[in-house]
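Structure assessment
Residues per chain, in single letters:
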Amino acid sequence: MSRAAGNQTPSGATEDYSYGSWYLDEPQGGQELQPEGVMPSCHPSVPPGLLHTCLAVLSIVVLLLLALLMRRRRLWPHCGHGRSRLPSPVDFLTVDGPWTVPTAIFMVLFSSLCLLLLAEAPLPFLALASPSSQDGETEAPRGPWKMLALLYYPALYYSLAACATVRHEASHLLGSTLSWAHFGVQVWQRAECPQGPKIYKYYSLLASMPLLLGLGFLSLWYPVQLVRSFSHRTGAGSERLQGSFPEEYLKTLLCQKKLRSSSHTFKHGFLPQARICFRHYVYTPQRGFRLPLMLVLSATLTGTAIYQVALLLLVGVVPTIQKVRAGITTDVSYLLAGFGIVLSEDRQEVVELVKYHLWALEVCYISALVLSCLLTFLVLIRSLVTHRTNLRALYRGAALDLGHLPQSPHPSRQAIFCWMNFSAYQTAFTCLGLLVQQVLFFLGTTTLAFLVLMPVLHGRNLLLLQSLVSLPFWLNLALAVTLQNMAAHWVFLKTHHGWPELTNRCMLYAATFLLFPINVLVGAAAVTWRMLLSALYNAVHLGQMDLSLLPPRAATLDPGYHTYCNFLKIEVSQSHPAMIAFCALLLRTQKPQPCTAPQDGFRLGAGEEGMQLLQTKDPMAKGTGPRACHRARWGLAYTLLHNPALQAFRKRSPSGAQANGTQP
């Protein structure tokens, strides 16, 4: 009656037939009603584009100041002949340099790329000049800009990483300023807009945790190094860093024979065997060996990739399942009845059953995700042990069974390309491997839960178990396999004078002929099991680059394994610790050094110690100072003669000539 009265108008007035006034829940004042569960867009006080523009300008200024510092201070006077050049962001082939800053930088870079996947503006500073729609959102093509952003973020963090390689008070001051600027901008943005509309309201905050962790570490590391640089104004620090690990490796290598002879007794028991097994499968630091920086970066990126992919898989599915379970009503019984599924006559019981099955599905998904993350992490730990074993063997000059590893120790174009891509390949393989494992394990746990566990617990819907019991197919196969194994053990095989021999060949031929049809069915079951086992094995080891997923003859067709082999070639040829130790020893013995108190790293008397290590067994050579020194230097020169990292720097002799009996 009220609606009819409202539609009546006085004569001469125009009737309003608009349907908008019929809805009582319509918001007044032209405001739009936000859908339930959708987060409104956040509008920060300072535009992100302006902040990124300031950071980009500051990074360029810092990079120019670093280039000017390298030229004015003459940190490397023999490099570039005094010309200004950009500093390198990371010294990848440094055997004893700090690895904390490169790992933090790469963790920040990879986290930024993960946030880029769902970003509305791939290049934030372009939002200042982009046109806006009526809703206030920027309208710009995101595809081309995302490809350009893949180069923008490495360039943005280039200066932040280069401040650590210069190793100067001014560079540490610039690094402190730049790291605090990056960290402050990120904290400001997360504090103003902790929630986002994409995937999950806290996904952006959770995904930026590695980024905040890396920037927070750098904002503390640079000030600490700045204070240390002002308190210790000596130039021995860099030489000590370059000499400590090679010397430790050389001492461990030379004392290894003595340690083996002293510890020849082997302890039997459960605890010693467990300790040996633990060291064989779990990486533990050992004295005299240090993983190359590339492997440390790969391990850090693998851990970050596990976190980012697991977070995306978790917040992208679990909240949706929870919302669906919370919104289940009695109408679901009619939906299931339309598909011919009647769970119960009571509709409230149907609701409880559907919610229970959705809860079981959620448990299966989370269990599969946890299992995938654990297996990926364990494979990473096992790979570090394999890396150390392979590198140690190659350092000793051993020929490992690594497929078609190039025999020439010289670096090649293909080897350099593989070395450059090793960490990136490892990160991509880890992400894809974790995704594949999640799919397979989720299917497996769901099948196990809904077809085996839940029917057994509730005592109904035993479809799988009934099919296995009622059909004689599996019973016949099991009986055939059992009888053949028993006959092969007791009837067709006989031990004669300690050697096994075939007997009852007539019965063997007859059984083989008669059981051929049944063995075909057994083979069908075996090939199914082989396919499932191969898929599971390859999925678990998909992110492991030190293992080929193809047969040995086709190992070179595996891009991950091929990259790993060439990576080892570059690492062994360019950063061999023994070569670096001998080079440092040669450089130090060229100038006289005073006899002072020993220090850390390569001591001032390390030349004499190196001479004693490299002396010959000739008793006449002992005790003769100049003669022993000359012999040791010739021994070092002969050792370094065929080193691939130094052959390119030796002076070439004319064609056909020989130097010391060897070709150049």
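Up top is the structure.
Criteria and cut-off values
- Residues numbered from 1 in each chain as written.
- Predicted model: local features only at pLDDT ≥ 70, side-chain atom pairs only at ≥ 80, totals over all residues.
- Heavy atoms only, no water.
- Phe/Tyr/Trp six-rings, centres within 6.5 Å; stacked < 30°, edge-to-face > 60°.
- Buried < 20%, exposed > 50% of the residue type's maximum accessible area, 1.4 Å probe, protein only.
- Helix = DSSP H or I, 4+ residues; strand = E, 2+ residues; numbered from the N terminus.
- Salt bridge = Lys/Arg side-chain N within 4 Å of Asp/Glu carboxyl O.
- Pairing = 2+ DSSP bridges.
- Core = buried A, V, L, I, M, F, W, Y, C linked by side-chain atoms within 4.5 Å.
- Contact = heavy atoms within 4.5 Å.

For the rest of this paragraph, the subject is the packing of aromatic side chains. Applying the stated criterion across every chain, the model contains eleven aromatic pairs. Ring geometry for W221 against Y222: centres 5.2 Å apart, planes inclined by 80°, an arrangement best described as edge-to-face. Here W221 matches Y222 in class, with each residue buried. Measuring from ring centre to ring centre gives 6.0 Å for Y356 and W359, while their planes differ by 25°; the resulting arrangement is stacked. Of the two residues, Y356 and W359 are both situated in helix α14 (residues 347–395); the distance of three residues between them amounts to about one turn of the helix. Among the residues examined, W359 registers a relative accessible area of 45% and is labelled partly exposed. Each residue in the set F92, F106 and W419 is aromatic and connected to the rest through ring pairs, giving one cluster.

To continue, consider the pattern of salt bridges. Opposite charge on two side chains permits pairing when their charged atoms draw close. Enumeration over the complete set of coordinates arrives at one salt bridge. Close ionic contact of R325 with E362 constitutes a salt bridge, the shortest N to O distance being 2.6 Å. Within this pair, whereas R325 is found in helix α12 (residues 293–326), its partner E362 is found in helix α14, the two being separated by 37 residues in sequence.

Right, let's talk about the pairing of strand β1 (residues 493–496) for a bit. Across four bridges, β1 lies against strand β2 (residues 499–502) in antiparallel orientation. Bridging from a neighbouring strand, K494 pairs with E501 of β2. What sits between β1 and β2 in their antiparallel hairpin is a turn of two residues, with H497 showing a positive phi close to 55°.

In terms of nonpolar packing, the biggest core is built from 38 residues, with Y153, Y157, L160 and Y222 touching the most fellow members. Elements with a contribution of two residues or more to this core: α2 (48–72), α3 (100–116), α4 (142–156), α5 (158–166), α6 (169–192), α7 (203–207), α8 (209–231) and α12. Per-element tally for this core: the top contributor is α3, with seven residues. Apart from residues lying up to four places away in sequence, Y153 is in contact with H52, L109, S112, L113, L116, P122 and P124. Within the second largest apolar cluster, 26 residues are counted, among which are V95, A299, Y395 and F567.

By themselves these figures say nothing about function.
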